[in-house]
Structure formats: structure tokens, C-alpha cells
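What the coordinates show
So the chains spell out like this:
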Amino acid sequence: MRRLNRKKTLNLVKELDAFPKVPDSYVETSASGGTVSLIAFTTMALLTIMEFSVYQDTWMKYEYEVDKDFSSKLRINIDITVAMKCQYVGADVLDLAETMVASADGLVYEPVIFDLSPQQKEWQRMLQVIQSRLQEEHSLQDVIFKSAFKSASTALPPREDDSSQPPDACRIRGHLYVNKVAGNFHITVGKAIPHPRGHAHLAALVNHDSYNFSHRIDHLSFGELVPGIINPLDGTEKIAVDHNQMFQYFITVVPTKLHTYKISADTHQFSVTERERIINHAAGSHGVSGIFMKYDLSSLMVTVTEEHMPFWQFFVRLCGIVGGIFSTTGMLHGIGKFIVEIIYCRFRVGSYKPISSVSFEDGHTDNHVPLLENNTH
């Protein structure tokens, strides 16, 4: 009884077989079928390799939300060289809350030579090339995000030559913590001093002929310092053509959370517009000579996440490639074979001669003649 039930079950399972087996004696192979199969297997191999390369790659996903963090401090990372001696210039920040941040807390004034060494010039040239490419190819920013902490440092390399030339410039580098409100970081003549109505700079003791606000921005960023990230103003160099010249940078800062497979950091991106003009009170161009970076914070926060294709999706796409190519090549082979057979049949029919009638003595005709001529003699 059990054996009978097993047979019935086995027969039922066999009837449900969606992949019936065809005996080899009924399988007909052809040269055209072998050619199509070879093309299909080659195409499948190429597409599989391409799909595997896509599976190995990652991409950056951007999400936007309102920035709700308004109580924390904003870090400003600075590395700027000004073509004036350190005792003649001062740097500080004044925000909209009339809060002045003294530079003595986080900035270092280092006497240096303004002209770069050959190695430093090559570094600056490469940085400027990258900046120009970033303005044309915005997708390169994703590559920079993914290579953070893995690429070489973007800091200015130390001078390799031992120059005996006396320092003629001041390198201001370090970081400051400011309130998360709009503010103005500036470098101008004289050291900053507190003032009841804001702040002031002791510029009266500096000779006007020594004003020279030619400068080079080796690095300027906001938020956590992430090595390998290139910011919009890195590598910028401006040469002053007049003693009374003002350089202005209008910066919009966007809080950014970066999550990749290598790092997780709270940093900031920013966009910038530039303006420079000569101070001439007689011509109506008022202001103070110096370098002014006016920044404002965006209310939106960007979350940048590195994502990777899951294995199940890669497997489904791979099955789609294999099945699709098998079905498509089978259909194309069948259609091609059908067209060839039609053309071949028409060619053979066209080679036949028309049927001629044979007359008999009683007036009847006989159309039953062989279709093909007998060419044998």
C-alpha cells in the first residue's frame, strides 16, 4: 500500500515537471545554432563581467533635512598666507551676535617667505587643476568623498630648500570655534582690540606703504577636519595691485554628515563667490583694506551616505541577464531560420519551369507532365 502511494506521488511530481527532458536522439544540432550559442555565451560572459564591476562599485546617496542643531559651535579651519609681516596684521571673527573671537586662542602667526618653492608650486598647480576639474565635473566630488582619509594629505608641503631670504609674509593657520550664526572672518592691518561697539584694529602704527594684501589660501574649511577633502578655496592665490585693496569672499556653509565605509564625520560643504576692489573714498569706494570672508549657514543639512548593491539584487540581475540572452537569442535564431527558409523556398520555386499541356488526337489535353526537366541524354 505504501509502495503504491509512493508511486502515485512520484508520478504526480513527474507530471508537474516544468523542465521535460528530450532524448538525445530527437535533438537536432546545426551550424547556425552553434554560432548563435557561441555569440550568446560570449555576450553573457561580457555582461556578467560588467555587472560584477557594477556590483563592486559604490555610489553616494544625498539626503536633505532641516538642521536642528543650533546650540553647538562651528569650527573654522584656516591656513592663509598674507604678504605682510606678522606684526602688521591681525585676524579675528565677528558674528551677528556682536561676539568677537580673539585669534590668540587657536591661530598661529608664522613668519614665512611668500614665494613658494618649486615643490610647493607644483603642489599648488595640481590643486588648481583639481579645482578646475571639480567645477566642470561635479561627480568627482563623490570620488573625493569615498577617498577621504585614503588619499594623500592636501596640506601645503614644507619648503624643501633652505632659503636665506628673510621672511616677508605671515602664515596664519589653526582653527577657531564660533557661534552657528552668520559672521565675518577678516584679516586686516593691526591687531584686534575689544571695543564697546564691536571691535577695532590698531592700524595707525602701520605705515600705509607697507599694505600688501596679496594672499594665498592653502586651506579653508568648516567643521571637522577631514584629510583628503578638497574645499572650494584651497589653492587660491590673489595678488594685490594696490595698497588699498579689499578682497571679499561670500560663503554659504551647508552642514554635512558624511558616512562612508571608511569614515563617519560631521563636516561642512560651502559655496563661495568672490569680489575684489580698490578702496578709493574720493570715487565712492569705501571700506577697509584687507581680506574679508563673510559666511552664512544654510538651514538645510545634507547627509551623504555611501551605498553598495546588495548581493540578492546582483543575483537577480545576473539571472535576468542569463535568461534574457537565452530567450532573445532563441527568438532571433528562430526568426532568422524562418526567413531563410522562406527565401530558399522562393528561390527553388522560381527555378521550376511552367507546366506545358500535351494535346491528344481526340482534342483532350493532359497536364500531368513531370515538373522537372530530365536533363539526362
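Quick summary incoming for the structure in this document. Owing to the predicted nature of the structure, the values given are computational and were not obtained by experimental measurement.

**Remarks on the state of the cysteines**
Evaluation of the coordinates by the stated rule reveals one disulfide. Across the disulfide from Cys 86 sits Cys 170; the S-S distance is 2.2 Å. Between Cys 86 and Cys 170 the sulfur-sulfur dihedral comes to about 105°; the bridge is accordingly right-handed. Separated by 84 residues along the polypeptide, Cys 86 in the loop between β2 (73-82) and β3 (89-95) and Cys 170 in strand β6 (residues 169-179) bring together distant segments of the chain. Residue class for Cys 86 comes out buried when judged on its relative accessible area of 11%.

**Let's talk about a nonpolar patch on the surface**
Where nonpolar side chains cluster on the molecular surface, the patch consists of Met 331, Ile 335, Phe 338, Ile 339, Ile 342 and Ile 343 and spans about 600 Å² of accessible area. On the secondary structure map, Met 331 appears in helix α5 (residues 311-351).

**Examining the packing of aromatic side chains**
Using the criterion set out here, one finds nine aromatic pairs in the structure. Aromatic side chains Phe 222 and Tyr 295 sit 5.9 Å apart centroid to centroid with 55° between the ring planes, which places their arrangement in the tilted category. Of this pair, Phe 222 sits in strand β10 (residues 215-223) while Tyr 295 sits in strand β14 (residues 290-297), and the two are 73 residues apart along the sequence. According to the relative accessible area criterion, Phe 222 is buried, its value standing at 2%. The class for Tyr 295 is buried, based on a relative accessible area of 3%. An aromatic cluster is built from Phe 52, Tyr 55, Phe 311, Phe 314 and Phe 315, whose rings are joined through pairwise contacts. Between the NZ or CZ atom of Arg 216 and the centre of the ring of Phe 114, over which it lies, the distance is 5.1 Å.

**Notes on the pairing of strand β15 (residues 300-308)**
Here strand β1 (residues 58-66) pairs with β15 via nine bridges, running antiparallel. Considered in β15, the bridge of Trp 59 is made with Glu 307. In terms of strand pairing, strand β12 (residues 245-259) meets β15 through four bridges, oriented parallel. Opposite Thr 256, over in β15, you have Val 302 as the bridge partner.

**Some thoughts on helix α3 (residues 118-136)**
A rise of 1.5 Å per residue sets the reference length of α3, with its 19 residues, at 27 Å; its end C-alpha atoms lie 27 Å apart and thus fit the reference within 8%. When we look at burial in α3, the residues that qualify are Gln 120, Trp 123, Gln 124, Leu 127, Gln 131 and Leu 134. Burial along α3 is one-sided: seen end-on, the buried residues are contained in an arc of 95°. Seen from the open side of α3, the exposed residues pointing more than 90 degrees away from its buried face are Pro 118 and Glu 136.

Scoring rules and cut-offs
Residues numbered from 1 in each chain as written. Predicted model: local features only at pLDDT ≥ 70, side-chain atom pairs only at ≥ 80, totals over all residues. Heavy atoms only, no water. Disulfide = S-S within 2.5 Å. Helix = DSSP H or I, 4+ residues; strand = E, 2+ residues; numbered from the N terminus. Buried < 20%, exposed > 50% of the residue type's maximum accessible area, 1.4 Å probe, protein only. Patch = residues over 30% accessible without salt bridge, like charges linked within 9 Å, V, L, I, M, F, W, Y side chains within 5 Å. Areas by Shrake-Rupley, 256 points an atom, 1.4 Å probe, with all protein chains shown as cover. Salt bridge = Lys/Arg side-chain N within 4 Å of Asp/Glu carboxyl O. Phe/Tyr/Trp six-rings, centres within 6.5 Å; stacked < 30°, edge-to-face > 60°. Lys NZ or Arg CZ within 6 Å of the ring centre and 35° of its normal. Pairing = 2+ DSSP bridges. Expected span 1.5 Å × (residues − 1). Arc of directions from axis to C-beta.

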